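Analysis of the macromolecular model
Below, each chain spelled out in residue letters.
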Amino acid sequence: MDVQRRRWVVWSVGLFAYLIGVMHRTSFGVAGLDAADRFGAAPAALSGFVVLQLLVYASLQVPVGVLLDRYGARRLVIAGALTMAAGQALLALATSLPLAIAARVFVGVGDALTFISVLSVVTAWFPARQVPLMTQLTGLLGQLGQVLSAVPLVALLHGPGWTPAFLSAAGIGIFAGAAVAAVFRNRPSGAPAPPPAPSPREILDGLRLSWSEPGTRLGLFTHMGTQFSGMVFALLWGVPYLVAGQGMSSGAASALLTLFVAAGVVAGPLFGEFTARHPMRRSWLVIAVIAVTAACWTAVLAIPPPAPRWLLVVLVVVLALGPPGSMIGFDYARTFNPGHRQGTAVGIVNVGGFTASLLVTLAIGVLLGIAGPGGAGGYTPEAFRVAWTIQYVVWAIALVGVIVARRRARRKMAEEGTVVPPLREALAARRRARRDDRTGTGSRPPR
């Protein structure tokens, strides 16, 4: 098999492992009300499941980045798939709250090992000009895992029941790990070997240098501001909000989650192409995504529930712009850091959105417990309406962070009088693409 075909096979298997990881990650969100009944969990306790999962995920991102630079992607993806499968099996059999919480910790650990490892293989196997688009496709096609949660997993939950549903999820996770072991490779054969494993001192220096790079911080705040709203909606509170807060049926709520994924899949390639063609305009796209998301939530929350169905559809479509917007953060990590530090830089960026997601998930659970008429709390439309307003705090922090980090990154580039090497390569690829368009290179004769 030639290298070009091989890269698509390797990427497809990595994408499949990530897609199954997303299914594991979001499976508790579609089962939120079922879990509340099974474990007798109040809103704050229910949010604690996902908060702990996200806390584990976010806290492991920088260590995973270091492990990625040291051990390579294949080992980490296999370990992640098997760890998530173990967590789902434990959740399937759990009848007490502590065991269920432990199960979600396993899912968080395995999830943390997967995504940035798959992204590193994209960078190793594909030409630089294709990397932004392939990054978007990986992130967005991986979100089809939410469809597996919203449709077949929900059907199993409401049919055979809790245990068969989560044991099935564990089984497909084991299959994903086996597929990665058989096919997935860190880099093409004949590619230069990675540098020797860094010493502890070099690891600390790499962390310091990655964080001191303004482009890395720009990526972190990009990821924070764009990702968290859709993540919180899809991971836990979207279905309860649509059902208990807006009066929709479970089937209609699951359909909207499917729309969320489909809209993101459409937006992802467009965002990726824009990022590749206009690397110096990426931040404006980020700011636009944050602003539109905040405006749409404002329109929904300003109307006493239930909101018009068409407005909820618009909200879900706008939320779907968040995941492709967050992928731009990884592009900042790639273009502002040298190759030997990119795993660490991507790990730092990934902390942003998941830290924001876990804090907002927890805050919504707490507010649901105290909001509503007379402070009684619960899954009421009034309580949900108050709880979702916590998002504005994160949007404000992220916007300030993006603007300040962008200014510092541009100032550094101006002072040095250079463009950082990965960004220079992206700009050169953009110029070549424009030149090819003008000259008709390829299928058309030159004009």
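One can find the structure itself at the top, above this paragraph.
Let us look at the structure shown here. (Residues numbered from 1 in each chain as written. Predicted model: local features only at pLDDT ≥ 70, side-chain atom pairs only at ≥ 80, totals over all residues. Heavy atoms only, no water.)

Check the secondary structure of the protein chain and you find 18 helices and zero strands. Burial status across the protein chain gives 54% buried among its 447 residues. For the protein chain, the exposed surface amounts to about 17,400 Å²; the carbon and sulfur share of it is 68%. (Helix = DSSP H or I, 4+ residues; strand = E, 2+ residues; numbered from the N terminus. Buried < 20%, exposed > 50% of the residue type's maximum accessible area, 1.4 Å probe, protein only. Areas by Shrake-Rupley, 256 points an atom, 1.4 Å probe, with all protein chains shown as cover.)

Another aspect to go through is the packing of helix α5 (residues 97–125) against helix α6 (residues 131–142). Close contact between α5 and α6 brings their axes to 10 Å; oriented N to C, the two are set at 150°. The orientation of α5 relative to α6 falls into the category roughly antiparallel. When the axes of α5 and α6 are compared, the crossing they make is right-handed. Every residue of α6 that contacts α5 at F115, V118, L119, V122 and T123 is listed here: V131, M134, T135, T138 and G139. (Axes fitted to C-alpha atoms, helices over the stretch in contact; angles between N-to-C directions. Parallel < 35°, antiparallel > 145°, perpendicular 65-115°, else oblique. Left-handed = near helix turned anticlockwise from the far one by under 90°. Contact = heavy atoms within 4.5 Å.)

In this section: the packing of helix α14 (residues 322–336) against helix α15 (residues 342–370). Contact pair α14 / α15: the axes reach a minimum separation of 9 Å and the direction vectors enclose 150°. Between α14 and α15, the angle is such that the two are roughly antiparallel. When the axes of α14 and α15 are compared, the crossing they make is right-handed. Residues G329, F330, A333 and R334 of α14 lie in contact with α15, whose contacting residues are Q342, A345, V346, V349 and N350. In the contact of α14 with α15, the residues fall into five nonpolar, three polar and one charged. (Nonpolar A, V, L, I, M, F, W, Y, C, P; charged D, E, K, R; others polar.)

Overall, the coordinates contain six cavities of 30 Å³ or more when judged by the stated rule. Its boundaries defined by the atoms lining it, the largest cavity holds a volume of some 170 Å³. Considering the residues around the largest cavity, the lining is formed by 20 residues, among which R25, Q143, Q227, M231 and P323 are closest to the centre. Ranked by residue count, the leading element in the lining of the largest cavity is helix α10 (residues 214–245), at five residues. In this model, the second largest cavity occupies a volume close to 110 Å³. (1 Å grid on protein atoms, 1.4 Å probe; cavity = no way out; pocket = protein on both sides within 12 Å on 5 of 7 lines; lining within 4 Å. Points joined across faces, edges and corners; volume = space filled by probe spheres on them.)

One can find T226 in helix α10. Assessed through its relative accessible area of 4%, T226 is described here as buried. Polar contacts involving the side chain of T226 include one to the main-chain amide nitrogen of S326, which spans 3.1 Å. For T226, the contacting residues outside a window of four places in its chain are V286, V289, I290, G322, G325 and S326. (Polar contact = N/O pair within 3.5 Å; in protein donor to acceptor, adjacent residues only side chain to side chain.)

Scanning all chains against the criterion turns up five salt bridges. Two residues, D111 and R25, come together in a salt bridge whose shortest N-O distance is 2.6 Å. Of this pair, D111 sits in helix α5 while R25 sits in helix α1 (residues 3–30); the two residues are 86 residues apart in sequence, bridging distant segments of the chain. In this structure, R334 and D331 form a salt bridge, with 2.9 Å as the shortest nitrogen-oxygen distance. One end of the pair is R334 and the other is D331, both in helix α14 and three residues apart, which spans about a single turn. A cluster of three or more residues bridged by salt bridges with shared partners is formed by R282, D331 and R334. (Salt bridge = Lys/Arg side-chain N within 4 Å of Asp/Glu carboxyl O.)

A cis amide bond links P305 with the next residue in sequence, P306, at an omega value of 5°. Along the polypeptide, P306 turns up in the loop between α12 (282–302) and α13 (309–319).

On to the packing of aromatic side chains. Tallied over the entire structure, the rule returns 18 aromatic pairs. Seen in terms of ring centroids, F228 and W395 are 5.6 Å apart; in terms of plane orientation they differ by 50°. Their pairing is tilted. With F228 in helix α10 and W395 in helix α17 (residues 391–416), this pair connects stretches of sequence that are 167 residues apart. Judged by relative accessible area, which is 0%, F228 ranks as buried. Here W395 falls in the buried class, since its relative accessible area comes to 3%. Taking the centre distance of 5.5 Å and the plane angle of 65° together, the rings of Y241 and F384 count as edge-to-face. One end of the pair, Y241, is in helix α10; the other, F384, is in helix α16 (residues 381–387), with 143 residues separating them in the sequence. The burial state of Y241 is the same as that of F384; both residues are buried. Three or more aromatic residues joined by ring pairs make a cluster, and in this case those are F233, W237, Y241, W297, F384 and W388. Taking the ring centre of F126 as reference, the NZ or CZ of R7 above it sits at 5.6 Å. Over the face of the ring belonging to W211 we find R217, whose NZ or CZ atom lies 5.8 Å from the ring centre. (Phe/Tyr/Trp six-rings, centres within 6.5 Å; stacked < 30°, edge-to-face > 60°. Lys NZ or Arg CZ within 6 Å of the ring centre and 35° of its normal.)

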